[in-house]
Amino acid sequence: MTSKLPSSIDETERLLDGADYVADRALATVLFLSLRMGRPLFLEGEAGVGKTEIAKVLAKALDRPLIRLQCYEGLDVSSALYEWNYAAQMIEIRMREASGDTDKDATRSEIFSDRFLIRRPILQALEGQPGRAPVLLIDELDRTDEAFEAFLLEILSDNQVTIPELGTIRAEEPPIVIITTNRTREIHDALKRRCLYHWVDYPQASRELEIVKRKAPRANAELAEQLVAFVQRLRQIDLFKAPGVAETIDWANALTELNVVALDPAHVSDTIGVLLKYQDDIQRLERGESREILTQVKRDLAAAS
């Protein structure tokens, strides 16, 4: 591990590869540019394709703290940036009143001081140590509303926030910012303009097979080839939610736990809930489509060998 930023695209690829993240050249390029230019990286794509994992791997590879802001509907400034410790402030006020201290200006200055400030993820990221600025992961931004997007604009463009009682707090060294979205709604252009953008797509079969070998190393080689080919074909049919790479890895591990060394229709039927998470999709496969896909997968793999 190193806290030094990569100096080339090739070095970025090696950095990710050393942390067992199998990235394509396009992703390595935009990540390198994000790090060198000090710009947030906006990652968009379907759920389960490895967007969040990029931030985790980057923090591990660069030996930086990972600070994660998990977004949700109703997320506000007090949960994302800071809030005051109101209970402790009230105790301080009561203690000053009991001691006869009537200096209101001094009381106000004290209760709105640093020791009563509760730092939330974004403020923690901005106050990171120079030389080891953290990786700030703003995960699933599309779950929030437009008001929260607007709040982020100052942070993303100037690496600073304004707290009315304390003034402006600026990062001595900007954090490495990774923003992810599953595209359940469109993010405003004003936010996207402040970032470098990359669409994280489902991987091609060869790259997904390499991912399975790394993340599910106990899986039999024949099984790994078959299940990756099966998942690749599933993504070509009209499902409510196609399986992501995370589901492929889970399926490989589940089948390995069952001591499966090669796919058959019974194994697919028994474990399909690991791969698909919507009943309509499962019923569609159980009506016979999974058997047809598996037959075609085995035929193609046999022809290629």
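Residues numbered from 1 in each chain as written. Predicted model: local features only at pLDDT ≥ 70, side-chain atom pairs only at ≥ 80, totals over all residues. Heavy atoms only, no water.

Trainee: Give a description of the environment of Pro121 that names residues and reports values.
Mentor: Structurally, Pro121 can be placed in helix H7 (residues 121-126). Given a relative accessible area of 15%, Pro121 falls into the buried group. As a C-alpha pair, Pro121 and Leu137 span 16 residues in sequence and 9.2 Å in three-dimensional space. Here Pro121 is in contact with Ile67, Arg68, Leu69, Ser79, Ala80 and Leu136, once residues within four sequence places are set aside. (Helix = DSSP H or I, 4+ residues; strand = E, 2+ residues; numbered from the N terminus. Buried < 20%, exposed > 50% of the residue type's maximum accessible area, 1.4 Å probe, protein only. Contact = heavy atoms within 4.5 Å.)

Trainee: Explain the environment of Ala55 to me, and be specific about the residues and the numbers.
Mentor: The topology assignment puts Ala55 in helix H3 (residues 51-62). Accessibility expressed as a relative area gives 0% for Ala55, which makes it buried. In this structure the C-alpha to C-alpha distance between Ala55 and Leu137, which are 82 residues apart in sequence, comes to 6.3 Å.

Trainee: Help me get a handle on the pairing of strand S5 (residues 135-139), residues and values and all.
Mentor: For S5, a buried count of five out of five residues is recorded, marking the element as mostly surrounded by other parts of the structure. Of the two faces of S5, the one lined by Val135, Leu137 and Asp139 and the one lined by Leu136 and Ile138 are each fully buried. In this sheet, S5 lies alongside strand S2 (residues 66-70) in parallel orientation, the contact comprising five bridges. Bridging across to S5, Ile67 finds its partner in Leu136. The sheet contact formed by S5 and strand S8 (residues 176-181) spans four bridges and is parallel. Bridge pairing in S8 places Leu137 opposite Ile178. (Pairing = 2+ DSSP bridges.)

Trainee: Describe in detail the state of the cysteines, supporting the description with residues and values.
Mentor: Within the structure shown, the criterion is met by zero disulfides. The cysteine Cys71 is free of any disulfide, with Cys195 supplying the nearest cysteine sulfur at 13 Å. For Cys71, a relative accessible area of 2% gives the class buried. (Disulfide = S-S within 2.5 Å.)

Trainee: Quick one: what's the story with the packing of helix H11 (residues 221-234) against helix H12 (residues 245-257), residue by residue and with numbers?
Mentor: Two elements in contact, H11 and H12, have axes whose closest approach is 10 Å; the angle formed by their N-to-C orientations is 140 degrees. The angle between H11 and H12 falls in the class oblique. In the crossing of H11 with H12, the sense of the turn from one axis to the other is right-handed. Residues Leu223, Leu227, Val228, Phe230 and Val231 of H11 form the contact with H12, whose own contacting residues are Thr248, Trp251, Ala252, Leu255 and Thr256. Considering only residue class, the contact of H11 with H12 consists of eight nonpolar, two polar and no charged. (Axes fitted to C-alpha atoms, helices over the stretch in contact; angles between N-to-C directions. Parallel < 35°, antiparallel > 145°, perpendicular 65-115°, else oblique. Left-handed = near helix turned anticlockwise from the far one by under 90°. Nonpolar A, V, L, I, M, F, W, Y, C, P; charged D, E, K, R; others polar.)

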